[in-house]
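Close look at the chain arrangement
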Amino acid sequence: MDGTKTRQRRPEEVGLPYTLSPGRLPAASEDGPWSVPESQKVATKPLRTELSRETALAIGFQVVVPFMFAGLGLSGAGILLSYFQHWPAFVEIKDLLTLVPPLVGLKGNLEMTLASRLSTAANTGQIDDPQEQYRVISSNLALIQVQATVVGLLAAMAALLLGAVSRGELDFATVKLLCASSVSTAFLAAFVLGVLMVCIVIGARKLGVNPDNIATPIAASLGDLVTLSILAFISNFFYKHKDNQFLTPLVCIGFMALTPVWVLIAKQNPPVMKILKFGWFPIILAMLISSFGGLILNKTISKEQYKGMAIFTPIICGVGGNLVAIQTSRISTFLHMWSTPGVLPLWMKKIWPNPCSTFCTSEINSMSARVLIFLVIPGHLIFFYVIYLVEGHSVPNSKIFVAFYLLAGLIQVTILLYLAEVMARLMWHQALDPDNHCIPYLTGLGDLLGTGLLALCFLISWLLQSEAELDRISGSASGPS
């Protein structure tokens, strides 16, 4: 009406009148942010109102079970890595250890991003129609196969280069084995986990559970186990047949030859094709960031003062990536439901919010951030205890190490959750989807932060224990004879 001013109201105050029709993202105009044509508007569903009224208790109940399940999977992955590091392939070809964080991190670059995209699609009604559901799912699965093949090859090259720089030489004998192992692992893990994510998101939608809360934790729980197992067995197979000059090149060529097929399938969905054309920078940069975490693991895993590094690396990296992926997926769904790309809601206008507003307000995203932070210490204690029961001889059991380990986990997750809020706002302001552009960066950074902080925990604990041991020895020597 004339003479009246409207204001943008918070989702807690009103219901959302419109959302996007299934399978279509709003189109970007040349003059400004994406707009939503009238033909693409459909009536909102009660789920949107329910999501905006989620309580901390409801979020906690939905997150805690898959989070604990994910943690047990990560604990299993740590035990497997501790076992696999003694296999001949890993002993002789050290660069395989450098591959572990970037390949395991592909679940953040690909599967968790896929889970986040499908969760957003489910919450906004884009996969309710069976025909549209098939189109969205098949094109997304084809997309991650292309991405996995290319990034797997690039991860092998990055591991080789980092190894060459740190050692001062490049071992050409391992180039073919490393490339074939990386591409095969990335491809097979992406296929298995991608199909699993589709089943979980569709099942959660039918059961009335928010897929944002459960899809990414389950991707994390099985992602590390599946990826590490495939990498170990594939690399060991190629190592046993390293005298065959044609096996590894043929494997790489075969997987690369399938790429045009996946591209043709992805073409049926224009938004997915847009990701295929312009979405490479986040996953490649995230892979490079994770590779530096892999270099830290490579340089510390065999040293006595870092005993247990192999076991705890998947856990601390996985927990951080898991929790930040949940938060990013929730923020992305929130923005998709209550705004249009390029336009931030009034209460989220600041790109760099005050940390207090990220963790200490009544906003739904702030509430979920608090819930996720509260899970860090209890979760790590439970996972630590499980590891101690299974691999007690390989686990530092000093109180000093446990205290520093818990502090490192808390610092890592706090930094990641704040960056998730910042990056989601920044990407949305640039009319970019946070599902595709935030999660890869954040999980890659989580790998680097987790590996670095974990190595620091081992080093500080070892130094303090060495100093205490020296004081005890000197005290005994100076005492009465």
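Criteria and cut-off values
Residues numbered from 1 in each chain as written. Predicted model: local features only at pLDDT ≥ 70, side-chain atom pairs only at ≥ 80, totals over all residues. Heavy atoms only, no water. Core = buried A, V, L, I, M, F, W, Y, C linked by side-chain atoms within 4.5 Å. Buried < 20%, exposed > 50% of the residue type's maximum accessible area, 1.4 Å probe, protein only. Helix = DSSP H or I, 4+ residues; strand = E, 2+ residues; numbered from the N terminus. Contact = heavy atoms within 4.5 Å. Arc of directions from axis to C-beta. Salt bridge = Lys/Arg side-chain N within 4 Å of Asp/Glu carboxyl O. Axes fitted to C-alpha atoms, helices over the stretch in contact; angles between N-to-C directions. Left-handed = near helix turned anticlockwise from the far one by under 90°. Nonpolar A, V, L, I, M, F, W, Y, C, P; charged D, E, K, R; others polar.

Inside soluble globular proteins, nonpolar side chains tend to come together where they are buried. With 133 residues, the main nonpolar core has F312 and Y405 as its most contacted residues. Broken down by element, the residue count for this core peaks at 16 residues, all from helix α13 (residues 309-338). Ignoring anything within four residues of it in the chain, the contact list for Y405 reads F312, I315, I316, H380, F384, L454 and C457.

This brings us to helix α10 (residues 259-266). When we look at burial in α10, the residues that qualify are T259, W262 and A266. Down the axis of α10, the smallest arc covering the buried residues is 65 degrees, so these residues share one side. Next to the buried residues of α10 lie α6 (130-167), α7 (175-207), α9 (247-257) and α11 (270-278).

In this section: the side chain of S139. By the secondary structure assignment, S139 is in helix α6. Look at S139 and you get buried, because its relative accessible area is 0%. Setting aside residues no more than four positions away along its own chain, S139 makes contact with I265, A266, Q268, N269 and V272.

Another point: the pattern of salt bridges. For side chains of opposite charge, pairing can occur when their charged atoms come near one another. Throughout the structure, instances matching the rule amount to three salt bridges. Salt-bridge contacts for K242 lead to E92; the nearest nitrogen and oxygen are separated by 3.6 Å. Remark: E92 occurs in helix α3 (residues 88-92) and K242 occurs in the loop between α8 (211-240) and α9; sequence separation between them is 150 residues. Its salt-bridge partner being E421, residue R425 comes within 2.9 Å of it at the nearest N-O pair. Residue R425 and its partner E421 are both found in helix α16 (residues 399-429); the two are separated by four residues, about one turn of the helix. Overall, the relative accessible area of 7% leaves R425 in the buried class.

With that settled, consider the environment of H393. Residue position: H393 is located in the loop between α15 (364-390) and α16. When its relative accessible area of 61% is taken as the criterion, H393 is described as exposed. Distance from H393 to G308, taken between C-alpha atoms, is 9.2 Å for residues 85 residues apart in sequence.

Let us now look at the packing of helix α2 (residues 56-84) against α15. Axis separation between α2 and α15 bottoms out at 9 Å; the angle between their running directions is 35 degrees. Considering the relative orientation of α2 and α15, their crossing is right-handed. Of α15, the residues touching α2 (which contributes A56, I59, G60, V63, V64, F67, M68, G71, L72, S75 and I79) are I364, M367, S368, V371, L372, L375, G379, I382, F383, V386, I387 and V390. A class-by-class count of the residues in the contact of α2 with α15 yields 18 nonpolar, five polar and no charged.

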